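Summary of the model geometry
If you want the building blocks of each chain, they are given just below.
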Amino acid sequence: MQPHISPSTDYACWLTDLKQRIQSAQQRAVLSVNRELILLYWHIGRDILERQQAQGWGAKVIEQLAKDLQAAFPDMKGFSRRNLLYMRSFAEAWPDPECVQEVLAPLPWYHQVTLLDKLKTRPEREWYLAKAIENGWSRNVMWHHISTALHLRSGNAVTNFEQRLPSPDSELAQQTLKDPYLFDFLGVSEKALEREIEGAMVRHVTRLLMELGEGFAFAGRQVHLEVDGEDFYVDLLFYNYRLHRFLVVELKGGAFKPEHAGRLNFYVTLVDEHLKGADDQPTIGLLLCKQQHRIVAEYALRGMTQPIGVAEYKLQLPDDLARYFPSIDQIEAELQDEASPNEESNPS
């Protein structure tokens, strides 16, 4: 017979605390297993490198090692010839054991493989590694950001944040914006009108939020604000829960003109006055144009009282980013690997 427990606040709080502790322990266990796996793979890769160099062994030793390890550990995945080659490349790319243990170990193995496959330089790998750990990116999200060369675009918009926001708030806001923004997923032509592009953004809001960056939530389209009996409408409004501030987005189908900045400055002021809460940070504005004209934009923003950025948007992937985007062969290989659960997946 089970003892009767009368409902009480103390018991409910204790149960909640126990659940949180169990979940935390489970998460630590997963992280611990992942850390040990990353370190094991690095050590295997380093051993392969050192023995090949010392003994003059060729590539056939990896094939033989794969057969022997699979025979010795039939229940363990990860000892295929391909994965052993990745281990070798992993140890070659990151020769410092302290870096592997302290920096790389939290990231899952197939994130590491994606970094090796998609990027050729260490600075690029380090940039995406840090962002993936900081933001908890899945492998698919990380692959998307690499494919669109996020590291080349982040913080690249023309802004007046340094003059209009205190430090380090200005630096955080600057890194929130990018240039150019890539809207190739909208499915509209280069001749699409502003309203058509705006509507496509709302229909593809999940992809749009991914392109905007971490922490953004969609707050509305054609947001109505009334001043002195006149109606005004903000094209797109977002809120960043990490920065605790609104982002007003105005979309222009042509080249940047100085008067565009003045109108956006007005809208940012309205949002600050009518929507911003007491605990919110100052609203920022983003003007998206087909052509940015950086020097003209820099001059125009000097006279604005509100923090504003100007960036271009692209409806098709630019040629200079094409090298990061996966080829048809790579996409087909990814799909084939996902369809074969018994094989290690190939993120390239």
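To keep things clear, this report deals only with the structure shown in the data block. If you're wondering where the values come from, they're calculated on a predicted model, not measured in any experiment.

How each quantity is defined
Residues numbered from 1 in each chain as written. Predicted model: local features only at pLDDT ≥ 70, side-chain atom pairs only at ≥ 80, totals over all residues. Heavy atoms only, no water. Phe/Tyr/Trp six-rings, centres within 6.5 Å; stacked < 30°, edge-to-face > 60°. Buried < 20%, exposed > 50% of the residue type's maximum accessible area, 1.4 Å probe, protein only. Core = buried A, V, L, I, M, F, W, Y, C linked by side-chain atoms within 4.5 Å. Helix = DSSP H or I, 4+ residues; strand = E, 2+ residues; numbered from the N terminus. Contact = heavy atoms within 4.5 Å. Pairing = 2+ DSSP bridges. Right-handed = clockwise from strand over helix to strand, strands pointing away. Salt bridge = Lys/Arg side-chain N within 4 Å of Asp/Glu carboxyl O.

Points about the packing of aromatic side chains
The final tally for this structure, using the stated rule, is 11 aromatic pairs. Considering the side-chain rings of F266 and Y267, the 6.0 Å spacing of their centres and the 40 degrees angle between planes classify their relative orientation as tilted. Accessibility expressed as a relative area gives 2% for Y267, which makes it buried. One aromatic cluster in this structure is built from Y181, F183, F185 and Y313.

Concerning the nonpolar core
In terms of nonpolar packing, the biggest core is built from 34 residues, with L84, F90, W94, V100, W109 and L115 touching the most fellow members. For this core, the secondary-structure elements that each account for two or more residues are α1 (9-55), α2 (60-72), α3 (81-93), α4 (97-104), α5 (109-118), α6 (122-135) and α7 (139-147). Broken down by element, the residue count for this core peaks at 7 residues, all from α1. Aside from chain neighbours lying at most four places away, what touches V100 is I38, L39, W42, F90, W94 and A105. Counting residues in each nonpolar core, the second largest holds 28 residues, with A157, F185, L247 and L288 among its members.

Examining the pairing of strand β5 (residues 245-255)
The side chains of a regular strand alternate between the sheet's two faces. When you tally the buried positions in β5, you get 8 out of 11 residues, the bulk of the element. Pairing analysis gives 5 bridges linking strand β4 (residues 230-240) to β5, with the strands arranged antiparallel. Counterpart to F238 in the pairing with β5 is L247. Here β4 hands over to β5 after 4 residues, with H244 in that stretch at a positive phi of 55 degrees. As defined by bridge partners, β5 adjoins strand β6 (residues 284-291) across 7 bridges and the pair is classed as parallel. Each bridged residue has a counterpart across the sheet, and for L247 the counterpart in β6 is I284. Each parallel crossover has a hand, and for β5 linked through helix α13 (residues 258-274) to β6 it is right-handed.

Some details on the pattern of salt bridges
Side-chain pairs of opposite charge can arise where the charged atoms are in close proximity. Summed over the entire model, instances satisfying the criterion amount to 9 salt bridges. Ionic pairing is found between R294 and D179, a salt bridge with its closest N-O pair at 3.4 Å. On the criterion of sequence distance, the pair formed by R294 in helix α14 (residues 294-302) and D179 in the loop between α10 (169-176) and β2 (181-182) is long-range, its members being 115 residues apart. Note that E312 is salt-bridged to K314, the shortest N-O span being 3.2 Å. Judged by its relative accessible area of 27%, K314 is partly exposed. Each of the salt bridges in this network shares a partner with another, and the network as a whole consists of R195, E198 and R221.

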